[in-house]
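For reference, the chains in residue letters:
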Amino acid sequence: AAVGGVSINHYDKRFYDRSLMRLKDAEKKSSLKAEIKAILWLQGETDAKGDGYLSYEQKLLHLVDRYRVDLNNPELPFIACTIGSFLKHHERFNHFKEINEILLNLPTKRKYTACVDARDLKISIGDDVHYSTEAQIEIGKRFAAAYMKLIEK
């Protein structure tokens, strides 16, 4: 349900409803017994511009809580990933460090959450904004490892 260039502000209604509809639709239409096991979150670049970072934590925590209520699973794992440290090459993403700190601190704010640290992955698709395919594959492995660690608890 990801949409590029969308601020977390858009997840208050329209994009949140869209993502929830897709999750529930996947459960219904699957030929297998589908079950939502976790929410994966890699977002925040747009919020690193201007003053969007000031309300990011509050909105992220609210989003975690809403998914858990709406999906009727108070322990639903929510796993975030840091945004690219290569954003430092762009003046307009001047608060990427603050967004990453919020994401990294998520587990101290909500149980059953994790944050995958991908700041060491320096390869973008050439725009110094979005992770390359190789980096995304590595992030996927890190998401999986974080998920396994969360469900062991």
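Residues numbered from 1 in each chain as written. Predicted model: local features only at pLDDT ≥ 70, side-chain atom pairs only at ≥ 80, totals over all residues. Heavy atoms only, no water.

A.B. asks: When you look at the side chain of Arg-68 in this model, what are you seeing that I'm missing?
C.D. replies: Residue placement: Arg-68 occurs in helix 2 (residues 56–70). No salt bridge is formed by the buried Arg-68. Its closest oppositely charged neighbour is Asp-65, at 5.2 Å. Excluding anything up to four places from it in sequence, Arg-68 contacts Asn-73, Pro-74, Glu-75, Leu-76, Pro-77, Phe-78, Arg-110, Lys-111, Tyr-112 and Thr-113. (Helix = DSSP H or I, 4+ residues; strand = E, 2+ residues; numbered from the N terminus. Buried < 20%, exposed > 50% of the residue type's maximum accessible area, 1.4 Å probe, protein only. Lys, Arg positive; Asp, Glu negative; His and termini not counted. Salt bridge = Lys/Arg side-chain N within 4 Å of Asp/Glu carboxyl O. Contact = heavy atoms within 4.5 Å.)

A.B. asks: Looking at this model, I keep getting lost on the pairing of strand 3 (residues 113–116). Mind explaining?
C.D. replies: Two faces make up the sheet, and in a regular strand the side chains alternate between them. Burial along strand 3 is two-sided: Thr-113 and Cys-115 facing one way and Ala-114 and Val-116 facing the other are all buried. As paired elements, strand 2 (residues 78–81) and strand 3 share 4 bridges and run parallel to each other. Considered in strand 3, the bridge of Phe-78 is made with Thr-113. (Pairing = 2+ DSSP bridges.)

A.B. asks: Got a minute to help me understand the packing of helix 1 (residues 14–29) against helix 2 in this structure?
C.D. replies: A pair of packed helices is characterised by two quantities: the angle between their axes and the separation of those axes. It is at 12 Å that the axes of helix 1 and helix 2 come closest, and there the two elements cross at 35 degrees. Along this stretch, helix 1 crosses helix 2, giving a crossing that reads as right-handed. Where helix 1 abuts helix 2, its residues Tyr-16, Asp-17, Ser-19, Leu-20, Leu-23 and Lys-24 lie against Leu-63, Arg-66, Tyr-67 and Asp-70. Counted by class, the contact of helix 1 with helix 2 contains 5 nonpolar, 1 polar and 4 charged residues. (Axes fitted to C-alpha atoms, helices over the stretch in contact; angles between N-to-C directions. Left-handed = near helix turned anticlockwise from the far one by under 90°. Nonpolar A, V, L, I, M, F, W, Y, C, P; charged D, E, K, R; others polar.)

A.B. asks: Explanation requested: the packing of aromatic side chains in the structure shown.
C.D. replies: Each aromatic ring pair is described using two quantities: the centre-to-centre distance and the angle formed by the ring planes. One pass over the structure, following the stated rule, counts 4 aromatic pairs. Judged by centre distance (5.1 Å) and plane angle (75 degrees), the ring pair of Tyr-11 and Trp-41 falls under edge-to-face. Here Tyr-11, found in the segment before helix 1, pairs with Trp-41, found in strand 1 (residues 39–41); they are 30 residues apart in sequence, far enough to count as distant. Owing to a relative accessible area of 7%, Tyr-11 belongs among the buried residues under this scheme. Given a relative accessible area of 5%, Trp-41 falls into the buried group. The interplanar angle of 50 degrees and the centroid separation of 4.8 Å between the aromatic rings of Tyr-16 and Tyr-67 together place this pair among those described as tilted. (Phe/Tyr/Trp six-rings, centres within 6.5 Å; stacked < 30°, edge-to-face > 60°.)

A.B. asks: Would you mind going over helix 4 (residues 133–152) with me for this structure?
C.D. replies: For an α-helix, 3.6 residues make a turn, and residues three or four places apart therefore share a direction. A rise of 1.5 Å per residue sets the reference length of helix 4, with its 20 residues, at 28 Å; its end C-alpha atoms lie 29 Å apart and thus fit the reference within 8%. Of all the residues in helix 4, the buried ones are Ala-135, Ile-139, Phe-143, Ala-146, Tyr-147 and Leu-150. The buried residues of helix 4 occupy an angular sector of 115 degrees when the element is viewed end-on, so they sit on one face. Seen from the open side of helix 4, the exposed residues pointing more than 90 degrees away from its buried face are Glu-134, Ile-137, Lys-141, Lys-149 and Glu-152. (Expected span 1.5 Å × (residues − 1). Arc of directions from axis to C-beta.)

A.B. asks: Help me understand the nonpolar core, please; the structure alone is not making it clear to me.
C.D. replies: For soluble globular proteins, the rule of thumb is that nonpolar side chains tend to be buried together. Judged by nonpolar contacts, the single largest core of 30 residues is most densely connected at Trp-41, Tyr-56, Leu-60, Tyr-67, Leu-71, Phe-78 and Leu-103. Elements represented by at least two residues in this core include exactly helix 1, strand 1, helix 2, strand 2 and helix 3 (96–109). Once residues lying within four places of it in the same chain are set aside, the contact partners of Leu-103 are Trp-41, Gln-43, Tyr-56, Leu-60, Ala-80, Cys-81, Thr-82, Ile-83 and Cys-115. (Core = buried A, V, L, I, M, F, W, Y, C linked by side-chain atoms within 4.5 Å.)

A.B. asks: Help me out: how do you make sense of the layout of surface pockets in this one?
C.D. replies: Rolled over the atoms, a probe with the dimensions of a water molecule shows which regions are left empty. Of the pockets and cavities examined, the largest pocket occupies roughly 730 Å³. Contributions of two or more residues to the lining of the largest pocket are made by helix 1, strand 1 and helix 4. A volume near 180 Å³ is recorded for the second largest pocket. Lining of the second largest pocket is provided by 11 residues; of these, Lys-37, Asn-73, Glu-75, Pro-77 and Ile-151 occupy positions nearest its centre. Partitioning the lining of the second largest pocket into residue classes produces 6 nonpolar, 1 polar and 4 charged. (1 Å grid on protein atoms, 1.4 Å probe; cavity = no way out; pocket = protein on both sides within 12 Å on 5 of 7 lines; lining within 4 Å. Points joined across faces, edges and corners; volume = space filled by probe spheres on them.)

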